[in-house]
Amino acid sequence: MTVTFITGANKGLGRETARRLAELGHTVIVGARDPEQGAAAADALGARFVRIDVTDDASVTAAAADVAAHEGRIDVLINNAGISGPHDDPAGLTAVGAQAVFDVNLFGVIRTTTAFLPLLRRSAEPVIVNVSSGMGSFALTHDPARVESSVVSPLYTASKSALTMLTTQYAKAFKDIRVNAADPGYTATDLNAHSGPQNVTEGTDAIVRLATESSDAGTGRFIDRHGPVDW
C-alpha cells in the first residue's frame, strides 16, 4: 500500500488531496501545524495525523521520526504547506516579510524533503510532489491572456518561482526519486479568500496525477490539470 505524507493537509488543497488519495487506497498521513485542526481532519478522512511545522527544524525532524517509528517509510511526499504573504505596496517590502514567506514556501520544502529523504529511499518507487504555482511562472505572468499576469504579489510569486527551480534541481540530483511540481491553478481556498473559479477537487487534479502516475512518467516536470506549464 502506498504511504503518502502531506504537509498543510488540514484544509484546502492539502485536505482534498488527502481525501482523494485515501479514496484511491493510499495510507495517508495528514501533516499540519495545528494539532486540533490536523487531528480533526485526519479523523474525518480516516487518516493518521502527525504534527509538523515546516518552519521549525525540530518539528520537522520529530515528524520524520514519528513516521519512521509507525509506517517505516513513505512512498509519496507532498510538500503542500504554503502561505500567500502580504499584498501591500511593493515599495514597503521588508526582508523580514520576505523571510516569513520564503520560510514556509521554500525553506519549509527544503527542511521537509531533507528530513524525509531516508524514508523515501525505503520505497521501491519514491515520489516528491511540490505544490508550486503558475504565479511563479515567467511565461504565465507575462501573458496578458492569463490571470496570473494581472496580480502583483512579489513575495509569493518569487517563492513559487524558486520552488519550481528547486524541483528541477532535486530531479537532477535525486536520480532514484521522481520529483515534480504541480500548479493547482486559481482555486477557491483561504489563500485567496475563496475567490478562485476552480473548486478544490479541480485544484488538486495535477497533484493527484503526479502522486499516482506510473514510475516512467518522468521527473523534473511542472504541470497543471491540463498538462505541462511553461515556466
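Residues numbered from 1 in each chain as written. Predicted model: local features only at pLDDT ≥ 70, side-chain atom pairs only at ≥ 80, totals over all residues. Heavy atoms only, no water.

Asker: What exactly am I supposed to notice about the packing of helix α1 (residues 12-23) against helix α9 (residues 205-212) here?
Answerer: To characterise two packed helices, one gives the angle between the axes of the helices and the distance between these axes. Interaxial distance between α1 and α9 falls to 10 Å at its minimum, and their mutual angle equals 45°. Overall, the two elements α1 and α9 adopt an arrangement that is oblique. For the crossing formed where α1 meets α9, the hand is right-handed. Between α1, through T17, R20 and L21, and α9, the contact on the second element is made entirely by D205, I207, V208, A211 and T212. For the contact of α1 with α9, the class distribution of residues is four nonpolar, two polar and two charged. (Axes fitted to C-alpha atoms, helices over the stretch in contact; angles between N-to-C directions. Helix = DSSP H or I, 4+ residues; strand = E, 2+ residues; numbered from the N terminus. Parallel < 35°, antiparallel > 145°, perpendicular 65-115°, else oblique. Left-handed = near helix turned anticlockwise from the far one by under 90°. Contact = heavy atoms within 4.5 Å. Nonpolar A, V, L, I, M, F, W, Y, C, P; charged D, E, K, R; others polar.)

Asker: Teacher, can you tell me more about the pairing of strand β1 (residues 3-6) here?
Answerer: Side-chain positions along a regular strand alternate between the two faces of the sheet. Of the two faces of β1, the one carrying V3 and F5 and the one carrying T4 and I6 are both buried. In this region the chain leaves β1, passes through α1 and returns to the parallel neighbour strand β2 (residues 27-32); the handedness of that crossover is right-handed. Here three bridges tie β1 to strand β4 (residues 76-79), and the two strands are oriented parallel to one another. Its bridge partner being in β4, T4 is matched across the sheet by V76. (Buried < 20%, exposed > 50% of the residue type's maximum accessible area, 1.4 Å probe, protein only. Right-handed = clockwise from strand over helix to strand, strands pointing away. Pairing = 2+ DSSP bridges.)

Asker: How do you make sense of the pattern of salt bridges when you look at a structure like this?
Answerer: Pairing between side chains becomes possible if they bear opposite charge and their charged atoms approach one another. Throughout the structure, instances matching the rule amount to 14 salt bridges. Between R146 and E148 there is a salt bridge whose closest N-O contact spans 3.0 Å. Residue classification places R146 among the partly exposed positions, given a relative accessible area of 30%. In this structure, R221 engages E213 in a salt bridge whose closest nitrogen and oxygen atoms are separated by 2.2 Å. Each member of the pair, R221 together with E213, is buried. What you see here is one network of salt bridges that share partners, running through R178, R209, E213 and R221. (Salt bridge = Lys/Arg side-chain N within 4 Å of Asp/Glu carboxyl O.)

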